[in-house]
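Breakdown of the fold
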Amino acid sequence: MLLALELVGLFAFSVSGALMAIRKGFDVIGIVLLAGITALGGGVARDVIIGATPPVAFTDLGYFLMPVAAAVVTFFAHPALERLTTAVLVFDAAGLGVFCVTGTLKSLAYGLSPLPAAVLGVVTGVGGGVLRDMIARETPALVRPDAELYAVPAIAGTIAVACQPRLAVPAAVVIVAFRLVALARRWHAPTAFILAKCPSRSAPNPPC
Amino acid sequence: MLLALELVGLFAFSVSGALMAIRKGFDVIGIVLLAGITALGGGVARDVIIGATPPVAFTDLGYFLMPVAAAVVTFFAHPALERLTTAVLVFDAAGLGVFCVTGTLKSLAYGLSPLPAAVLGVVTGVGGGVLRDMIARETPALVRPDAELYAVPAIAGTIAVACQPRLAVPAAVVIVAFRLVALARRWHAPTAFILAKCPSRSAPNPPC
Amino acid sequence: MLLALELVGLFAFSVSGALMAIRKGFDVIGIVLLAGITALGGGVARDVIIGATPPVAFTDLGYFLMPVAAAVVTFFAHPALERLTTAVLVFDAAGLGVFCVTGTLKSLAYGLSPLPAAVLGVVTGVGGGVLRDMIARETPALVRPDAELYAVPAIAGTIAVACQPRLAVPAAVVIVAFRLVALARRWHAPTAFILAKCPSRSAPNPPC
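Just so it is clear, the model here is predicted, and its values are computed rather than measured. (Residues numbered from 1 in each chain as written. Chains lettered and ligands numbered in written order. Predicted model: local features only at pLDDT ≥ 70, side-chain atom pairs only at ≥ 80, totals over all residues. Heavy atoms only, no water.)

Turning next to the overall build of chain A. Tallying secondary structure elements over chain A gives 8 helices and 0 strands in all. Reading the secondary structure of chain A in the N-to-C direction produces α-α-α-α-α-α-α-α. Counting over 208 residues, chain A shows a buried share of 53%. Contacts in chain A between residues at least 24 apart in sequence constitute 70% of all its contacts with a sequence separation of at least 6. When the accessible surface of chain A is split by element, carbon and sulfur atoms take 71% of a total near 8600 Å². (Helix = DSSP H or I, 4+ residues; strand = E, 2+ residues; numbered from the N terminus. Buried < 20%, exposed > 50% of the residue type's maximum accessible area, 1.4 Å probe, protein only. Contact = heavy atoms within 4.5 Å. Areas by Shrake-Rupley, 256 points an atom, 1.4 Å probe, with all protein chains shown as cover.)

Here chain A sits on chain C after a turn of 120 degrees about the axis and a move of 0.0 Å along it, with an RMSD of 0.0 Å. The transformation relating the two chain copies, once decomposed into turn and shift, fits a three-fold axis. (Least-squares fit on C-alpha atoms with pLDDT ≥ 70 in both.)

All right, on to the environment of B:Asp47 then. All names here are of chain B. Inspection of the secondary structure puts aspartate 47 in helix H2 (residues 28-50). A C-alpha to C-alpha distance of 8.5 Å links aspartate 47 and serine 107, two positions 60 residues apart in sequence. Setting aside residues no more than four positions away along its own chain, aspartate 47 makes contact with Ala52, Thr53, Pro55, Val56 and Lys106. Of note is the side chain of aspartate 47, whose polar atom sits 3.0 Å from the backbone nitrogen of valine 56. (Polar contact = N/O pair within 3.5 Å; in protein donor to acceptor, adjacent residues only side chain to side chain.)

Here we take up the relation of the copies chain B and chain A. Once chain B is rotated about the relating axis by 120 degrees and shifted along it by 0.0 Å, it coincides with chain A to within an RMSD of 0.0 Å. Of the residues that chain B buries at the interface, just 12% are likewise interface residues in chain A, meaning the two copies contact each other through different surfaces.

At the interface, 25 residues of chain B touch 29 residues of chain A. At the boundary of chain B with chain A, total buried surface from both sides reaches about 2300 Å², with 76% on carbon and sulfur atoms. When the buried area of chain B at its contact with chain A is split by residue, B:Asp27, B:Ile29 and B:Phe58 rank highest and sum to 25% of it. Counting across the chain B and chain A interface gives 0 salt bridges. The tally of links between chain B and chain A comes to 4 residue pairs in polar contact (both at pLDDT 80 or more). (Buried area = accessible area lost by both parts, 1.4 Å probe. Salt bridge = Lys/Arg side-chain N within 4 Å of Asp/Glu carboxyl O.)

So, on to the interface of chain A and chain C. In this complex, chain A contributes 25 residues to the contact, which on the side of chain C involves 29 residues. Regarding the contact of chain A and chain C, the summed buried area is about 2400 Å², with carbon and sulfur atoms giving 76% of it. Its largest share of buried area at the contact with chain C, chain A owes to A:Asp27, A:Ile29 and A:Phe58, together 25% of the area lost on that side. The interface formed by chain A and chain C holds 0 salt bridges in total. Along the contact surface separating chain A from chain C lie 4 residue pairs in polar contact (both at pLDDT 80 or more).

Time to look at the packing of helix H2 (residues 28-50) of chain A against helix H5 (residues 114-135) of chain A. When two helices pack together, their arrangement is captured by the angle between the axes and the distance separating the axes. All names here are of chain A. Running from amino to carboxyl end, H2 crosses H5 at an angle of 135 degrees, the nearest separation of the two axes being 7 Å. Between H2 and H5, the crossing angle belongs to the class labelled oblique. When the axes of H2 and H5 are compared, the crossing they make is right-handed. Contacts between H2 and H5 involve Leu34, Ile37, Thr38, Gly41, Gly42, Gly43, Ala45, Arg46, Ile49 and Ile50 from the former and Leu120, Val123, Thr124, Gly127, Gly128, Gly129, Leu131, Arg132 and Ile135 from the latter. For the contact of H2 with H5, a count of residues per class yields 9 nonpolar, 8 polar and 2 charged. (Axes fitted to C-alpha atoms, helices over the stretch in contact; angles between N-to-C directions. Parallel < 35°, antiparallel > 145°, perpendicular 65-115°, else oblique. Left-handed = near helix turned anticlockwise from the far one by under 90°. Nonpolar A, V, L, I, M, F, W, Y, C, P; charged D, E, K, R; others polar.)

Residue and element names in this part refer to chain A. In the numbering used here, UniProt assigns the feature "transmembrane region" (unreviewed entry) to residues 28-49, 61-81, 87-105 and 112-131. Between the C-alpha atoms that bound residues 28-49 the distance is 30 Å, and the span itself is 100% helix and 0% strand. From the first C-alpha to the last, residues 87-105 spans 27 Å; its make-up is 100% helix and 0% strand. (UniProt positions renumbered as here; feature names shortened; annotations may be inferred.)

Taken as a whole, this structure holds 12 aromatic pairs over all chains when the rule is applied. On the basis of an interplanar angle of 80 degrees and a centroid distance of 5.1 Å, the ring pair of A:Phe75 and A:Phe76 is categorised as edge-to-face. Given a relative accessible area of 42%, A:Phe76 falls into the partly exposed group. Pairing C:Phe178 with C:Trp187 gives two aromatic rings, centres 6.2 Å apart and planes at 80 degrees, and the pair type is edge-to-face. Look at C:Trp187 and you get partly exposed, because its relative accessible area is 34%. (Phe/Tyr/Trp six-rings, centres within 6.5 Å; stacked < 30°, edge-to-face > 60°.)

Attention now goes to helix H3 (residues 61-83) of chain C. Note that an α-helix has 3.6 residues per turn; residues three or four places apart therefore point the same way. The sharpest bend along H3(C) reaches about 90 degrees and sits at C:Ala77, with the proline C:Pro79 one to four residues further on. Two or three places before C:Gly62, at the start of H3(C), stands the capping residue C:Asp60, its side-chain oxygen 3.0 Å from that residue's backbone nitrogen. (Bend = angle between axes of the 7 residues up to and from the residue.)

Evaluation of the coordinates by the stated rule reveals 21 salt bridges over all chains. In this structure, the salt-bridge partner of B:Lys24 is B:Glu138, at a minimum N-O distance of 2.6 Å. With B:Lys24 in the loop between helix H1 (2-23) and H2 and B:Glu138 in the loop between helix H5 (114-135) and helix H6 (151-163), this pair connects stretches of sequence that are 114 residues apart. Linking C:Glu148 and C:Arg186 is a salt bridge whose minimum nitrogen-to-oxygen distance equals 3.2 Å. Of this pair, C:Glu148 sits in the loop between helix H5 (114-135) and helix H6 (151-163) while C:Arg186 sits in the loop between helix H7 (168-184) and helix H8 (192-197), placing them 38 residues apart in sequence. Assessed through its relative accessible area of 15%, C:Glu148 is described here as buried. Taking relative accessible area as the criterion, C:Arg186 reaches 58% and is therefore assigned exposed. Overlapping salt bridges bring together A:Arg46, A:Asp47 and A:Lys106 as one network.

This next bit is on the UniProt feature "domain: Glycine transporter" (unreviewed entry) in chain A. Residues and elements named next belong to chain A. Residues given the UniProt feature "domain: Glycine transporter" (unreviewed entry) here are residues 4-78 and 90-162. Secondary structure within residues 4-78 divides into 81% helix and 0% strand; the distance between the first and last C-alpha atoms comes to 23 Å. When the span residues 90-162 is considered, its composition is 74% helix and 0% strand, and the gap between its end C-alpha atoms is 24 Å.

Attention now moves to a nonpolar patch on the surface. A cluster of nonpolar side chains, contributed by A:Leu61, A:Leu65, C:Leu115, C:Ile155 and C:Ile159, occupies part of the molecular surface with about 370 Å² of accessible area. Listed by contribution, the elements that provide at least two residues to the nonpolar patch are helix H3 (61-83) of chain A together with H6 of chain C. Along the chain, the position of A:Leu65 falls in helix H3. Classification of A:Leu65 by relative accessible area gives partly exposed; the value is 42%. (Patch = residues over 30% accessible without salt bridge, like charges linked within 9 Å, V, L, I, M, F, W, Y side chains within 5 Å.)

Residues and elements named next belong to chain B. Across the interface, helix H4 (residues 85-109) lies against H6 with an axial gap of 9 Å and an inter-helix angle of 35 degrees. Relative to H6, H4 is oriented so that their crossing is right-handed. Side by side, H4 and H6 meet where Leu96, Cys100, Val101, Thr104, Leu105 and Leu108 of the first sit next to Ala154, Thr158, Val161 and Ala162 of the second. Residue composition of the contact of H4 with H6, by class: 8 nonpolar, 2 polar and no charged.

Taking 1.5 Å per residue as the helical rise, H6(B) with its 13 residues ought to reach 18 Å, and the 18 Å between its terminal C-alpha atoms agrees with that figure. For H6(B), the set of buried residues is B:Ala151, B:Pro153, B:Ala154, B:Gly157, B:Thr158, B:Val161 and B:Ala162. Around the axis of H6(B), the buried residues are gathered within 155 degrees of arc, so they sit on the same side. Buried residues along H6(B) sit in contact with H4, H5 and helix H7 (168-184) of chain B together with helix H2 (28-50) of chain C. (Expected span 1.5 Å × (residues − 1). Arc of directions from axis to C-beta.)

Quick look at the structure:
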């Protein structure tokens, strides 16, 4: 079950990287590269930081082949995948939930205390996307105020897992559900500029 | 004393990251992310390179909470902080001095020879700022010819420490003083273009 | 022989980084930084990933001094080096061949299986150039469809070495020759857009 969700997440992350590469006009090397970095970048960063070298992405062949397969599919079927935005976003939310939780659990297992473990769980879930946007020379979607909440569900879920590892499954469900609701209702994180310009600083989403 | 300076430096680095995020219109996640990466990125890079995993930033809670605290302060008080430019630059110079020296000493303790240890000391001091500028899609201030000398004081100080670890305190003082004088007198590093355009190529700072 | 080729490659990689820094108007710090990151970035990334810390670039003084020497030469002689494009490209191809092969062999020696070892060989050869382009805020040459094949020769050669380590020397020769022919005949990798727009999707280089 967890493994199936992880594969679904790897596929969705890879597709988002491959689609970004195609939109940017990269060649086939760039498509495979961006698929792989989006899918595996967060986990590799986590493993390098906790000292779990070589990272699991370099020891488990499945991690390796999924981005290549997703890149090949996207290479030929990208017009269809661009139209399937909703499906890709739902799969991506599933990946976010699984990667954040497994990343937190692995960091705990390597002896980190709860707060750093939660942060590395978030790194596992969102790191690949930030690297994707850096290579594609885009402002990271993670920090754009017009992008729906992505890190906030991740943080909420990983802190829950870090404090109580037995909450792994419900925490993953909360991350996925929170992310999907944020997408559906267009929830955004506040910016400092908006707060500074508005008369009422206490409102989380001021109307002005 | 050293600890106090390190906290001052962490705060200044975090504020510079948070201010950059606000200037770029990032949301609150981006403000915390850029504060944390600016403050901790150089030290994490150093620890990963010397094999000191997990990095101290992930084992010492103070390193973790300072960027979050600085991001919160900057989120609400950024117009005031923008006006306190001089104070932020002085605190930043203090951070540069402390981080360069402690980074060099730690690299020596992990068995590196003096020259690589000095380079890793510089990485500790300037790495976070380069990552900040890469994520914000800016030309790194470190390499801009219109930015006052930053790496040059760092290199001078870390080489001194690497050759004679007992010079730690005077080397940190030299880095801070050299940086502040460079700011006050607007010292810049030469570019190859300036040299190429000038009749005399041998002068380090040609007048043209 | 291998060592001589490695030094030639380090020099070529460093020059390409220093020339990029000069073209971007970076100061002398930026020129040395970009020379060093282009020459050493791929190998450092490989060593950090396989857990060979500190990386060889931080233990072997020759790796350290070559980029500094190349940066100094480029700083003064960059108009001549810009005119020697062909020589720089040939040296760069030599570096690509050597670094890909030695990177694959080292990864195998650290216990990785053939496919991940081949990928890390490619990372060793091309990683520095990608970091160079990210810091210089350029679309990585590695993924630009108007750049001649670079990763494809690297992948072909590293897979051969990974499967049969005794093929190290012929594989390096194949990488260099493949890269030089790709340059001479202007071979490019296909993009998804071209395929999507063309009637015949099966042709690797459609004429439209």
